[in-house]
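Structural overview for review
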Amino acid sequence: MAQKIAQTCACDMGSEDIAVAAKCSYIQSTESFFPVEFVEERIGEWTKKQMQAHHTLLFIGACGIAVRAVAPCITDKRKDSPVLVADEKGRYIIPILSGHMGGANETACRIAEKIGAVPVITTATDINRKFAVDLFAKRNGLHVVNKDGIAKISAKVLAGREITISVEAGHLSDPSECPSGIRFIPYPPVQTADVLITADKTETDALLLLRPKEYIIGMGCKKGKEADAIEELIHRTIKMAGIDEEQIVALASIEQKKNEEGFLSFSRKKRIPFYTFSSAQLQEVKGEFHVSDFVKEQVGVDNVCERAALAACGMDGKIILGKHAENGMTIAISKREWKVSFSEE
């Protein structure tokens, strides 16, 4: 049954890059139509490598094995890899690490739907159907400045107490979508807000401070470009632009780069989404760009990095750092117009 669960995850989870590994020596002598890596090293050592690569992990077996394997690798709820456990009969899927920020809860529900299992969600705000401020921050592309504030807000919510939220003027989408138990107060707040949402770095007085991730990195590169080179260029470029890493909301490129390991590695490591667009979609993006006939001949669009950066912005984005080419890579930065929404869509 464990093999069947792994097979389902490997074959039926859409376009995701999923690898299957096993400690069972029987796997070595069994033919399978999907590749399975036989793990010879100790499970703790293997797990450490996977978490360093920021992979999502699904253990099929006992919870205790998974807990012991990941325990030495746990660092920060905002950075830890999502970890889940399924029993060998595929009856239950249990997220045990990074349920909200890493998306383990959502992944558990998706896998459970595929294999007919029950997702066992244990986070208090979920089981009590209460407002989860960390999930709200993730959905809205907001950076949690003081992570200890998450527990304080959740404690108030679970105790049935009112939460006050102050949002920088002009950035609240639809107040009517707000769940019960939340009250908006004017910005800037004259009293200390429970949750303060602003791009103003001088504002710090709140139980929980959330700042918008406003910038999108658009990139193109030669096939097989090293992950270290991509990350180094991104870091150097954002530093030159006066942007903190925590302000990056997404990485974007052309569809042909959707499996580019250097981009995928950065996306996993920094836990930011990687968006790709077809050449037709990019060509439709309006604006003034640094065009290249050679690039258009190769990929069907005259500019990748600037157009991808703007495409990922949605409406009203703007380029704040134009195309820069270096060592087989191109990079540009756009800034989005951020809005806060309480919709779960």
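Right, let's walk through the structure included here. Every chain begins its residue count from 1, and numbering advances along the sequence as written. Reporting of local features is limited, given that this is a predicted model, to residues whose pLDDT is at least 70; pairs of side-chain atoms are given and counted only at 80 or more, and all residues count toward the totals for whole chains, interfaces and linings. Each side-chain value is worked out from all heavy atoms of the structure, with water and hydrogens disregarded.

**Digging into the sheet that holds strand β12 (residues 215-221)**
Only strands joined by at least two bridges in the DSSP assignment are considered to pair. Only runs of H or I of at least four residues qualify as helices and only runs of E of at least two qualify as strands under DSSP, and these elements are numbered from the N terminus. The strand order across the open sheet built from five strands is β14-β13-β12-β16-β15, with neighbouring strands paired in mixed fashion. Of all strands in the sheet, those bounded by a partner on one side alone are β14 (274-277) and β15 (318-326). Strand after strand, the sheet turns through a mean of 20 degrees between neighbouring axes, direction not considered. Sheet analysis places strand β13 (residues 248-254) next to β14, joined by four bridges and oriented parallel. When the bridges of β14 are listed, Ala 252 appears paired with Tyr 275. What counts as an axis is a line fitted to C-alpha atoms, over the stretch in contact for a helix, and the angles between N-to-C directions run from 0 to 180 degrees.

**Some points on the sheet that holds strand β6 (residues 118-119)**
Taken in spatial order, the four strands of this open sheet run β3-β4-β5-β6, and their pairing is mixed. Single-partner strands in this sheet number two, and they are β3 (57-60) and β6. The pairing of β3 with strand β4 (residues 83-86) spans four bridges and is parallel. Note that in β4 the partner of Leu 58 across the bridge is Leu 84. Any two residues whose heavy atoms approach within 4.5 Å at even a single point are treated as in contact. Against the sheet, helix α2 (residues 43-52) engages β3, β4 and β5 (92-97), with an angle of about 155 degrees to β3.

**What about α2?**
Buried residues are those whose accessible area, probed at 1.4 Å on protein chains only, stays under 20% of the maximum for their type, while exposed residues exceed 50% and partly exposed ones sit between those limits. Listed as buried for α2 are Trp 46, Thr 47, Gln 50 and Met 51. Angularly, the buried residues of α2 cover 130 degrees about the axis, an arc narrow enough to put them on a single face. In this structure, the buried residues of α2 make contact with β1 (20-22), β2 (36-38), β3, α3 (63-70), β4 and β5. Positioned one or two residues after α2, His 54 has a phi angle of 65 degrees, which is positive. It is the directions from the helix axis to the C-beta atoms that the arc portrays.

**Side note on the side chain of Lys 257**
Within the secondary structure, Lys 257 is located in the loop between β13 and α9 (261-270). For Lys 257, a relative accessible area of 12% corresponds to the buried category. Setting aside its immediate chain neighbours within four residues, Lys 257 contacts Cys 221, Lys 222, Lys 223, Phe 263, Phe 274 and Thr 276.

**Here's the deal with the packing of aromatic side chains**
Aromatic rings from Phe, Tyr and Trp, with only the six-membered ring used for Trp, were paired whenever their centres fell within 6.5 Å, and each pair was classed as stacked if the ring planes differed by under 30 degrees, edge-to-face if by over 60, and tilted otherwise. Applying the stated rule across the entire model yields five aromatic pairs. Where Phe 184 meets Phe 342, the ring centres are 5.8 Å apart and the plane angle is 75 degrees; that geometry is what we call edge-to-face. Separated by 158 residues along the polypeptide, Phe 184 in strand β9 (residues 182-184) and Phe 342 in the segment after β16 (329-335) bring together distant segments of the chain. Here a set of aromatic residues connected by ring pairs shows up, and it is made of Phe 131, Phe 136, Phe 184 and Phe 342.

**Details of the pattern of salt bridges**
A pairing counts as a salt bridge when a side-chain nitrogen of Lys or Arg comes within 4 Å of a carboxyl oxygen of Asp or Glu. For the structure on display, the rule yields 17 salt bridges. Among the ionic pairs, Asp 302 bridges to Arg 307, the shortest N-O distance being 2.9 Å. The exposure class of Asp 302 is buried, given its relative accessible area of 11%. Via salt bridges that share partners, Glu 231, Glu 245, Lys 269 and Lys 270 belong to a single interconnected network.

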